[in-house]
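Descriptive structure summary
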Amino acid sequence: MTQIFAYIPFINGVAADVALEYPSAAKKIDEGASLTAVVAGSGADLDKVANEMTSIYSQVIKIDNADLAYPNAEVVRKALVNILPTDAVFLTAHDTFGMDLAPGLSVKMDSAYAADMVDFEGIDGTTLKAVRQELGGAVSTHVAVDISSGAVMTVRPGSFAPVDGGSAGGSVVDKSGDAGDLSTKRKFLEIVAAEVGDVDITKSDVLVSVGRGIEDEENIEIAQELAEAMNAVVSCSRPIVDAKWLEKSRQVGTSGQTVKPKVYMAMGISGSFQHMGGVKGNPFIVAVNKNPKAPIFQVADVGIVEDILDFIPELTEAINDL
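Just so it is clear, the structure is predicted and the values come from calculations on it, not from any experiment. (Residues numbered from 1 in each chain as written. Predicted model: local features only at pLDDT ≥ 70, side-chain atom pairs only at ≥ 80, totals over all residues. Heavy atoms only, no water.)

1. Points about the overall build of the chain
- For the chain, the count of helices and strands is eight helices and 16 strands.
- Relative to the 2.2 N^0.38 estimate, which gives 20 Å for 322 residues, the radius of gyration of the chain is 21 Å and therefore close to what a compact globule would have.
- The principal-axis extent of the C-alpha atoms belonging to the chain is close to 65 × 45 × 40 Å.
- Going through the 322 residues of the chain one by one, you find that 46% of them count as buried.
- A sequence separation of at least 24 residues applies to 64% of the contacts in the chain between residues at least 6 apart.
- Across the chain, 25 positive and 45 negative side-chain charges occur, with their mean positions spaced 7 Å apart. (Helix = DSSP H or I, 4+ residues; strand = E, 2+ residues; numbered from the N terminus. Rg over C-alpha atoms; globule rule 2.2 N^0.38 Å. Buried < 20%, exposed > 50% of the residue type's maximum accessible area, 1.4 Å probe, protein only. Contact = heavy atoms within 4.5 Å. Lys, Arg positive; Asp, Glu negative; His and termini not counted. Charge placed at Lys NZ, Arg CZ, Asp CG, Glu CD.)

Right, here's the structure in full:
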């Protein structure tokens, strides 16, 4: 039976959405696998998350140490090496923390390493068949991972269906004493708050998000007119910020803001994982792009192949006529 361990990131006592996605990923790896959550931190927030995870996972490993009060991948890696079995399949999110943690952990564990997995197709002998995407999602790559000595893999958040809570009735196992010496050369210093813009896109239920398809700074105005008609807020992808057409506070993505709207209007956005990694909470996604092969159509609830410079004004007019 495959032993799968999933690292649960959390902030201020709230587990990341990926915690609900790991069980779906684990079933695709091995239907009969055992799945254990790993939660590392310190204090009341750690206890809160660990206890909450028992409704989803049959076992939760807790690692409590003052050096883990802030998630430092170097510290977590040292602890995991002493706690995980040598043949473990370890999953962590493909985010900045996971990309820091996973490669070094695979070296320390002498295990296979696979990054940015978006799907799994089961195990054949000791080979796990996995899928990742290349070229901004335009191409799927099938990967054979030798898990005979375990594996460390990052999974793309949002790629697997979240489970609906649960009643696993799991238990918390405190492995803090097994973590060993967690002293490191890298130390946490401080958190620098991001600059606050004129609007907070993280609080909006409806976002009109624009990408390269908007073509020119002057065309941002038509997106703003649509947003006003929908009682929404304008957000954007990274190229718009890089061009200095909108401020950084309006950027959605792994290098921007994480948003949880009810409706997400993706206008002229290709849908790279860096962008969609910032869209959480299963919103209703409407995608408009003149490229019928744009990756955004793979996740959209409604996809429209059209030039947004023609489509947006017509939609705005239709909404205003209601």
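2. Concerning the nonpolar core
- Ile 8, Tyr 22, Met 53, Tyr 57, Leu 91, Phe 120 and Met 153 are the most contacted members of the largest nonpolar core, which has 35 residues in total.
- Those elements that provide at least two residues to this core are strand E1 (3-7), helix H1 (22-29), strand E4 (34-41), helix H2 (44-53), strand E6 (89-93), strand E7 (112-124), strand E8 (127-134) and strand E10 (151-155).
- Discounting chain neighbours no more than four positions away, the residues touching Ile 8 are Ala 15, Ala 19, Tyr 22, Ala 37, Val 38, Val 39, Val 49, Met 53 and Tyr 57.
- Within the second largest apolar cluster, 24 residues are counted, among which are Ala 73, Val 75, Leu 80 and Val 152. (Core = buried A, V, L, I, M, F, W, Y, C linked by side-chain atoms within 4.5 Å.)

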